[in-house]
Amino acid sequence: MSKFKEIEDYRMFTSKAELHKSINSLIGIIQGIRFDNVTNEHEIAELIHWCNLHRRFQKSSPFSEIIPIIDYALEYNDGKLDSESIEDILWLCSRIEGKAEFQKYYDLITSSIQQLHGILHGVLADNVLNEAEIEQLCSWIDDHDFLKGTYPFDEIHSLLVSVKQDGIISDDEKNLLKAFFANFVDVRASHNIHESEIRVLKRRYSLSGICAVCPEITFENKVFSFTGASTRATRSEIAKIIQNLGGIFSNNVTKDTNYLIVGGDGNPCWAFACYGRKVEKAIELRKKGTPIIIVHENDFWDEVAI
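Values in this document were obtained by computation on a predicted structure and should not be read as measured data. (Residues numbered from 1 in each chain as written. Predicted model: local features only at pLDDT ≥ 70, side-chain atom pairs only at ≥ 80, totals over all residues. Heavy atoms only, no water.)

Visitor: Teacher, can you tell me more about the pairing of strand E3 (residues 259-262) here?
Guide: Successive residues of a regular strand alternate their side chains across the two faces of the sheet. Of the two faces of E3, the one holding Tyr259 and Ile261 and the one holding Leu260 and Val262 are both buried throughout. Taken together, the four bridges between strand E1 (residues 223-227) and E3 define a ladder with parallel strand orientation. By the bridge assignment for E3, Phe224 is matched with Tyr259. Bridge count for E3 against strand E4 (residues 293-296) is four bridges, and the pairing is parallel. When the sheet's bridge partners are listed, Ile261 is paired in E4 with Val295. (Buried < 20%, exposed > 50% of the residue type's maximum accessible area, 1.4 Å probe, protein only. Helix = DSSP H or I, 4+ residues; strand = E, 2+ residues; numbered from the N terminus. Pairing = 2+ DSSP bridges.)

The structure is reproduced here in structure tokens:
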């Protein structure tokens, strides 16, 4: 069987998944593009690239509706998009997304995470990340707190909180955000975001683990693990506290782990620190769908004190 035939056969079984992901990605890309209220030629090129990738499906719904409206808007506005055209496109996408078969196939969390990936794609579309885009992304995160505990929502939330902590977002912090956001952009589906440039950024700015901010913690029959050094207790003391509250303590991070507590050790820059093997293991498991919540020690003690 040829590779092309294998791909086509594969698409027979994933066509709905591909369709829904494409629409959610488009919604996110457009939202990300308009975050700073300025749409430049690089961002338009990214949107045109999305259309070109899907033109082979233009005779089929919903691409038969979406692509012509984008083409018309660009032609009518001399290759630009005004706010009214953007609202028209998003309105059409939301109508499509609201159809029963769409909602039946994907739940709200899956759709929202796909849109988040699209937003990250959109804000990086011109290879510039400005403060207006960061603020709008923070607002989107705040409005979607039902995604807590879902990868990569917690990681993005924590990183945004950290870079804004001192009220100033430096160029290094913007590059750090770009390097992290790029992990969730399919560069093969991008016109302007190039893998070679992203690799350079990632070599300079890397994060091994980021904790959830103000997570909800329950103890009864939940499995906890700990990594790093505690500011307040020994590991055996922490294990005893967890067990007294009805939880289970394990030295190892596995698919059964519910919470990984990261020791503070007096370090205020916890979101940027490398905590080693257990955090890496937890994030890898989360990428595979295991809902492990990474908790900073301070939040653990706050919950214990309640």
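Visitor: Sorry if this is basic, but what is going on with helix H2 (residues 41-54) here?
Guide: Counting along an α-helix, one turn takes 3.6 residues, and residues three or four places apart therefore face a common direction. Between the first and last C-alpha of H2 there are 20 Å, a value that for 14 residues agrees with the 20 Å anticipated at 1.5 Å per step. Buried within H2 we find Glu43, Ile44, Glu46, Leu47, Trp50, Cys51 and His54. In a view along the axis of H2, the buried residues occupy a sector of 155 degrees, so they form one face of it. For H2, the N-terminal capping position is held by Asn40, with its side-chain oxygen 3.1 Å away from the main-chain nitrogen of His42. (Expected span 1.5 Å × (residues − 1). Arc of directions from axis to C-beta. Polar contact = N/O pair within 3.5 Å; in protein donor to acceptor, adjacent residues only side chain to side chain.)

Visitor: What is the right way to look at the packing of aromatic side chains in this model?
Guide: Think of a pair of aromatic rings as described by two things: how far the centres are apart, and how the planes are tilted against each other in angle. Scanning all chains against the criterion turns up nine aromatic pairs. Here the aromatic rings of Trp50 and Phe63 are separated by 6.1 Å at their centres, their planes lie at 40 degrees, and the arrangement is tilted. Of this pair, Trp50 sits in helix H2 while Phe63 sits in helix H3 (residues 63-76), placing them 13 residues apart in sequence. Given the relative accessible area of 4%, Phe63 is considered buried. Consider the rings of Phe224 and Tyr259, whose centres lie 4.8 Å apart with planes at 15 degrees: the pair is stacked. With Phe224 in strand E1 and Tyr259 in strand E3, the pair connects residues that are 35 residues apart, well separated along the chain. Residue Tyr259 is classed as buried on the basis of its relative accessible area, which comes to 5%. (Phe/Tyr/Trp six-rings, centres within 6.5 Å; stacked < 30°, edge-to-face > 60°.)

Visitor: Even after reading the chapter, I still don't get the sheet that holds E4, so can you show me in this structure?
Guide: One key point about sheets: their strands pair by backbone hydrogen bonds, in either a parallel or an antiparallel sense. Here we have four strands laid out as an open sheet, ordered E2-E1-E3-E4, and parallel in their pairing. Each edge of the sheet is formed by a strand with only one pairing partner; in this case those strands are strand E2 (248-249) and E4. Pairing geometry for E1 and E2, over two bridges, is parallel. Pairing of Val223 across the sheet is with Ile248, part of E2. Of the strands in this sheet, E3 and E4 touch helix H13 (residues 297-305), which is tilted by about 85 degrees from E4. (Contact = heavy atoms within 4.5 Å. Axes fitted to C-alpha atoms, helices over the stretch in contact; angles between N-to-C directions.)

Visitor: Looking at this structure, how should I read the environment of Glu237?
Guide: As for its placement among the helices and strands, Glu237 is situated in helix H11 (residues 235-244). A distance of 2.9 Å separates a polar side-chain atom of Glu237 from the backbone nitrogen of Thr234.

Visitor: Just checking my understanding: could you explain the pattern of salt bridges for this structure?
Guide: It is possible for side chains of opposite charge to pair when their charged atoms get near one another. In this structure the tally under the stated criterion is six salt bridges. For Asp71, the salt bridge identified is with Arg55, shortest N-O distance 2.9 Å. Placement of the pair is Asp71 in helix H3 and Arg55 in the loop between H2 and H3, with a sequence separation of 16 residues. Under the relative-accessibility criterion, Asp71 is labelled partly exposed at 25%. Of the charged contacts, one joins Asp256 and Lys255 as a salt bridge, the two residues approaching to 3.8 Å between their closest N and O atoms. The exposure class assigned to Asp256 is partly exposed, which follows from its relative accessible area of 49%. In the salt-bridge network here, residues are joined through shared partners; they are Asp154, Glu155 and Arg286. (Salt bridge = Lys/Arg side-chain N within 4 Å of Asp/Glu carboxyl O.)

Visitor: What's the story with unusual backbone geometry in this structure? I'm lost.
Guide: Excluding glycine, a negative phi dihedral is what most residues carry, and trans is how most peptide bonds are arranged. Looking along the chain, the bond that leaves Ser61 and enters Pro62 is cis, with omega of 5 degrees. Omega for the peptide link from Tyr151 to Pro152 comes to 0 degrees, which places this bond in the cis form. Tracing the sequence through the fold places Pro152 in the loop between helix H7 (131-143) and helix H8 (153-163). Unusually for a residue other than glycine, Asp78 sits at a positive phi of about 55 degrees. Looking at the element boundaries, Asp78 is found in the loop between H3 and helix H4 (83-97). Under the relative-accessibility criterion, Asp78 is labelled exposed at 69%.

Visitor: What is the right way to look at a nonpolar patch on the surface in this model?
Guide: The grouping of Leu108, Ile109 and Phe146 at the surface amounts to a nonpolar patch, some 270 Å² of accessible area in total. One can find Phe146 in the loop between H7 and H8. (Patch = residues over 30% accessible without salt bridge, like charges linked within 9 Å, V, L, I, M, F, W, Y side chains within 5 Å. Areas by Shrake-Rupley, 256 points an atom, 1.4 Å probe, with all protein chains shown as cover.)

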